[in-house]
Amino acid sequence: MKKILSVVFLSFFCSFILVAQAPKKLTSGEIFESIQKLNFLGSVLYIAAHPDDENTRLISYFANDVKAQTAYLSLTRGDGGQNLVGSEIRELLGVIRTQELLAARRIDGGQQFFTRANDFGYSKHPDETLEIWNKEEVLSDVVSVIRKFKPDVIINRFNHKTPGSTHGHHTSSAMLSVEAFDFASDSTYKTHLNNDEIWQPKRLLFNTSWWFYGSEENFEKADKTNLLSIEIGTFYVNKGLSNSEIASLSRSQHQSQGFGSTGSRGTETEYLEFLKGDFPQNNNVFDGIDTSWNRVEGGYAIGKLLAKVEQEFDFNNPSASISELVEAYKLIQNLKDEHWKQLKTAEIKNVILACGGIYLEAVANNSSTTANSKNTIKIEAINRSKYQVSLKSVIINPLNVVENKTIELAENESQQFSMEVEIPSIINNTFPYWLSEKGTLGMYKVTDRQLIGLPETPRVFSADFELDFNGSTIPFLKDVVYKYNDPVKGEVYKPFEILPIVSASFHEKVIIFSDENSQKIAVKVKAIKKNLEGKLTLCVPEKWKVSPASFEFKLSQKGEEQSFNFEVTPPENQSEGMISPIVEIGGKTYTNELVEIDYNHIPFQSIIMPSEAKVVRLNIEKKGQIIGYIQGAGDAVPTNLRQIGYTVVELNEDDITPEKLANFDAVVLGIRAYNTNERAKFYQKDLHNYVQKGGTLIAQYNTSHRVIVDEVAPYSIKLSRYRVTDENSEVRIINPNHELLNYPNKIVASDFDGWVQERGLYFPDEWDSKFEPIISMNDKNESPKNGSILVAKYGEGNFIYTGLSFFRELPAGVSGAYKLFANMLSVGKNNVDKPIKN
């Protein structure tokens, strides 16, 4: 589709999206806004539960209009959701959504924090949420972020007064912020840091709207004496964008959730309900707070100097401001208030570089390295102004490799040289810190307490550039990065990673043995360092057998891979367990795998995780062989069905014709197919005709909103928001004689043991009498939910609608889920082998 965008809009958007890791280069207008921000000393912390919960309109407003330090504290990383851009779920999805939040903040101007809470899936009540999360630890994390960020104002996204009315994570985030507001200033309350400095925010507000009142009409009639109304529809001349347009670009970074947003223009109002602290006057969130430089001792002179810089700023010659900015920098170094000293030092140094068009970069010769290896780091420094600047030294931290040389940075003359470094034998890896140890269902385990709250693992290596500005020396710290030229994308940046020397991984994470026959299981060994020699063995559960006992390998090149096939024999009876590879090199053992995530909208990610796969010896029968699969939001079910012997053909829109459908024993619609496939409303009639002529069609869950088709089934079904979140909830048989529970596998109560995260979601609550409900379930203290599997005869075939979470259970190797899915595919095939009519 051809799109026409303004030049300003396009450049603003591309600067964040197409080169997600590239350094930002400010325009004159952006430099001026940064100077304005230097002159505002106030901060706002927005608190909610997940990536996407944040109100990007407010974050952008406070960051870009008010010029306040603005941050979003997301209690979780969104690990429990679905993924619309790939197959990653759980922890890996959390990595993606962490980076999507950071991408959003780079656009709207905010900062990002997290707690150790793990998004374990939908929760119906904060009591359950806080028990699974470990309330005291999450509360400690929230208090710690408040004490570190020191917000003047805290804003909740959700209502703490209505537990049980919405997602338990949402309400819990609000409840914890109310408690943390008081504990942050209580010297007797100790966080995980023990000695962090107490802080008292001025006020706590709730970002309310008509939605919390049930309707716009109710909201119009409501008493608003306790509400602040804020006009946030600002148009930013220097950006060429409205506040809402920036907010929509920010929200659109949540690509894994399909939250692309269209910008709007014109006036818009946000409402903030007062909860605690000092009630603000004059509709001013910062009422009673001195946000000028007078706020800090010694700040008056700085404010006076920077006000002059702002007033006299030359958009055509920003370097004219450097002298006074350098003087202001020196005054900031004398501040006794360490908090504002640190923040404003970082800000003004960025402004000084931008005013001089000064570009500093340290680029490694590889995207990753390992302990005991040598690397080359290319240094570049250039001054694109007439201001007198010289480079005095560069230090590579933490190696303390120093290049002492005084180089005059003459106008627009690039200075480049290389520095050789040797990585020590003991060095920290750079993969996501919250995944380095095994946690619990609700909490990540983080041993290094200083890392808690950070959005990502700090880079290990940095280059400290010492610049002289006409006699005044200022240090500038830049992370060491890696970059290369892509023939399509052009200049591409990647983080410079520190990784183990080897990775061993399985091609499949779940291997199903449907009989006693052995299977070949491939293990891929990848060299992350050149010239590796070692031995590979496979650890298997008791009573399982493996042959051969080991393989010797030799990998000469970095990045070289080699696969080895172990023959694994299952026990005679049903059994399951975990297998893991063990790599021995030079007397050391390695049991991890390197997982790489590469999407255009986020920086390249390298994750080190325990390498393991689940093996399941399962007595399973099936009828039919060739299955057609139409993907929706994306899931791994086709791969899982192949594990039990089905031939699965993934269909695109052109394949969904009566002639081609007639070749399949059953057709399956992937999760949310009727929410995401725009052409579903055109090919649905072919699917229903396929059923009518004798086929079996299985539709997996769709959400109750954004449904593309008029009906999700050939007979009427009304989707609801009903779900059963307790994966251990009792499952009751409604129709014990139905073939789906008996053929070709007998389904018993134990087949619902070991399910993960949930039973299912978006169950229908009303359906045509032609549908037969099969099983019933419910969460504690709730009414029975009978719509998790509905089966109906339609013509000569069978239509099945299911909200059960097979997309989670099959990849987790849940044996009962495999048997149940095989039975669904076998419906209508009991002693009958009829061809589907053309």
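This section reports on the structure supplied with the text. The residue numbers shown here count from 1 along each chain, following its written sequence. Local features are withheld for residues below a pLDDT of 70 in this predicted model, meaning they are given only at 70 or higher, and side-chain atom pairs are given and counted only at 80 or more; totals for whole chains, interfaces and linings count all residues. Hydrogen atoms and water are omitted, and side-chain values are computed over all heavy atoms in the structure.

**Considering the packing of aromatic side chains**
Only the six-membered ring of Trp is used, alongside the rings of Phe and Tyr, when aromatic pairs are assigned; centres must lie within 6.5 Å, and planes under 30 degrees apart are stacked while those over 60 apart are edge-to-face, with the rest tilted. Enumeration over the complete set of coordinates arrives at 31 aromatic pairs. Between Trp 755 and Phe 806, the ring centres sit 6.2 Å apart and the planes meet at 55°, which makes this aromatic pair tilted. Remark: Phe 806 occurs in helix α17 (residues 806–809) and Trp 755 occurs in the loop between β38 (731–733) and β39 (760–767); sequence separation between them is 51 residues. Take Trp 755: its relative accessible area is 3%, and that puts it in the buried class. Taken together, the ring pairs connect Phe 40, Tyr 61, Phe 62 and Phe 286 into an aromatic cluster. For a Lys NZ or an Arg CZ to count as sitting over a ring, it must be within 6 Å of the ring centre and within 35 degrees of the ring normal. The lysine or arginine in question, Lys 622, covers the ring of Tyr 646, its NZ or CZ lying 4.9 Å from the ring centre. Arg 723 extends its terminal NZ or CZ atom over the ring of Tyr 122, reaching a point 4.1 Å from the ring centre. The helix count covers DSSP runs of H or I at least four residues long, the strand count covers runs of E at least two residues long, and both are numbered beginning at the N terminus. A simple rule labels every residue: compare its accessible area, found with a 1.4 Å probe on the protein chains alone, to the largest value its type can have, and call it buried under 20%, exposed over 50%, or partly exposed in between.

**As for the pattern of salt bridges**
The term salt bridge refers to a side-chain nitrogen of Lys or Arg lying within 4 Å of a carboxyl oxygen of Asp or Glu. Enumeration over the complete set of coordinates arrives at 44 salt bridges. We note a salt bridge from Glu 491 to Lys 483, for which the minimum N-O separation is 3.1 Å. With a closest N to O distance of 2.3 Å, Lys 509 and Glu 593 form a salt bridge. Taken together, the residues Lys 509 in the loop between β21 (502–506) and β22 (510–513) and Glu 593 in strand β30 (residues 592–597) connect sequence positions 84 residues apart. With a relative accessible area of 38%, Lys 509 lands in the partly exposed category. Salt bridges linked by common partners bring Lys 124, Asp 779, Glu 782 and Lys 785 together as one network.

**Considering the side chain of Glu 758**
Its place among the elements puts Glu 758 in the loop between β38 and β39. Judged by relative accessible area, which is 2%, Glu 758 ranks as buried. We call two N or O atoms a polar contact when they sit within 3.5 Å, provided that within protein one can donate a hydrogen and the other can accept it, with sequence-adjacent residues counted only if both atoms are side-chain atoms. A polar atom in the side chain of Glu 758 sits 3.0 Å from the side chain of Arg 808. Two residues qualify as a contact provided that any one of their heavy atoms is within 4.5 Å of a heavy atom in the partner residue. Apart from residues no more than four positions distant in its own chain, Glu 758 is found in contact with Arg 723, Val 724, Thr 725, Glu 727, Ser 805, Phe 807, Arg 808 and Glu 809.

**Focus: the pairing of strand β2 (residues 69–74)**
Residues in a regular strand project their side chains so that they alternate between the two faces of the sheet. Most of β2 is tucked away: 6 of the 6 residues are buried. Here, any two strands with at least 2 DSSP bridges between them count as paired. Pairing between strand β1 (residues 43–48) and β2: 6 bridges, direction parallel. When the sheet's bridge partners are listed, Ser 43 is paired in β2 with Gln 69. Viewed along the sheet, the connection from β1 through helix α3 (residues 56–66) into β2 turns out right-handed. In the sheet, β2 pairs with strand β3 (residues 111–114) via 4 bridges, with the strands oriented parallel. Residue pairing across strands places Ser 74 opposite Phe 114, the latter belonging to β3. A crossover connection joins β2 to the parallel β3 through helix α4 (residues 91–108); in handedness this β-α-β unit is right-handed. Looking down the strands as they point away from the viewer, one classifies a crossover as right-handed if the path from the first strand across the helix to the second runs clockwise.

Shape is all these values report; function is a separate question.
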